[in-house]
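Here is what each chain is made of, one letter per residue.
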Amino acid sequence: SILKKLMNLFYLSYDTNFGKILISAILGIWLHVLFDALFHPDLRPFYPFPGNPMYGIISHSTIYLICGISFIPALILYIIGVVSFLRKNKSRITSA
C-alpha cells in the first residue's frame, strides 16, 4: 500500500489495524481542536454553545514552548523507531 511505502521511506515499520487507525484519528482530531481552541478566540469547541472558554488559558508563547519541548521526546522516539526498523530489515536493506 502507499502508506507502507511512505513509512518505509522514513524507516518506520507499518503494522496497523482498524482499531489503531480509529484511535489515532480520534486523538488527532480532538488534540488539534484543543490546541486550536487555545489559539483562536472565534473557535467554538463546545458547539452549539457560544464562545470559547479555553481561549487565553495558556499564552501563545507557552503553547509554542510546550510544542518545542515536545519535539525532543518525539525525536527520540523517532530515532528509536528507525533503529528498530533498520535492525528488523537489515538483510533486506543491505541486499538492495
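Participant: Would you take a moment to explain the overall build of the protein for this structure?
Facilitator: The secondary structure content of the protein amounts to 4 helices and 0 strands. Starting at the N terminus and walking to the C terminus, you meet the elements of the protein as α-α-α-α. In terms of overall size, the protein is more extended than a compact globule, its C-alpha atoms giving a radius of gyration of 19 Å where 96 residues would be expected to give roughly 12 Å. Expressed as lengths along the three principal axes of its C-alpha atoms, the size of the protein is roughly 60 × 30 × 15 Å. In the protein, which comprises 96 residues, the proportion classed as buried is 10%. Taking the intrachain contacts of the protein between residues at least 6 apart in sequence as the baseline, contacts between residues at least 24 apart amount to 32%. Here the protein displays about 7,900 Å² of accessible surface, and carbon together with sulfur accounts for 73% of that area.

Participant: It is not clear to me how the packing of helix H2 (residues 18-39) against helix H3 (residues 60-88) should be interpreted in this structure. Could you clarify?
Facilitator: Packing of H2 against H3 leaves a shortest axis separation of 10 Å and a crossing angle of 150°. Considering the angle they form, H2 stands roughly antiparallel to H3. Along this stretch, H2 crosses H3, giving a crossing that reads as left-handed. Side by side, H2 and H3 meet where Phe 35, Leu 38 and Phe 39 of the first sit next to His 60, Ile 63, Tyr 64 and Cys 67 of the second.

Participant: Looking at this structure, I do not really get the side chain of Asn 52. What am I missing?
Facilitator: Tracing the backbone shows Asn 52 in the loop between H2 and H3. Of the residues examined, Asn 52 reaches a relative accessible area of 12% and is grouped as buried. At 2.9 Å, the side chain of Asn 52 forms a polar contact with the backbone oxygen of His 40.

Participant: Just checking my understanding: could you explain unusual backbone geometry for this structure?
Facilitator: Trans is the common state for peptide bonds, and a negative phi is the common state for residues other than glycine. Look at the link from Tyr 47 to Pro 48: it is a cis peptide, with omega at 15°. If you trace the backbone, Pro 48 turns up in the loop between H2 and H3.

Participant: Just checking my understanding: could you explain the environment of Ala 37 for this structure?
Facilitator: Residue placement: Ala 37 occurs in helix H2. For the pair Ala 37 and Asn 52, spaced 15 residues apart in sequence, the C-alpha separation works out to 6.9 Å. Apart from the residues lying within four places of it in its own chain, the contact partners of Ala 37 are Leu 43, Pro 45, Asn 52, Met 54 and Tyr 55.

So, how was this worked out
Residues numbered from 1 in each chain as written. Predicted model: local features only at pLDDT ≥ 70, side-chain atom pairs only at ≥ 80, totals over all residues. Heavy atoms only, no water. Helix = DSSP H or I, 4+ residues; strand = E, 2+ residues; numbered from the N terminus. Rg over C-alpha atoms; globule rule 2.2 N^0.38 Å. Buried < 20%, exposed > 50% of the residue type's maximum accessible area, 1.4 Å probe, protein only. Contact = heavy atoms within 4.5 Å. Areas by Shrake-Rupley, 256 points an atom, 1.4 Å probe, with all protein chains shown as cover. Axes fitted to C-alpha atoms, helices over the stretch in contact; angles between N-to-C directions. Parallel < 35°, antiparallel > 145°, perpendicular 65-115°, else oblique. Left-handed = near helix turned anticlockwise from the far one by under 90°. Polar contact = N/O pair within 3.5 Å; in protein donor to acceptor, adjacent residues only side chain to side chain.

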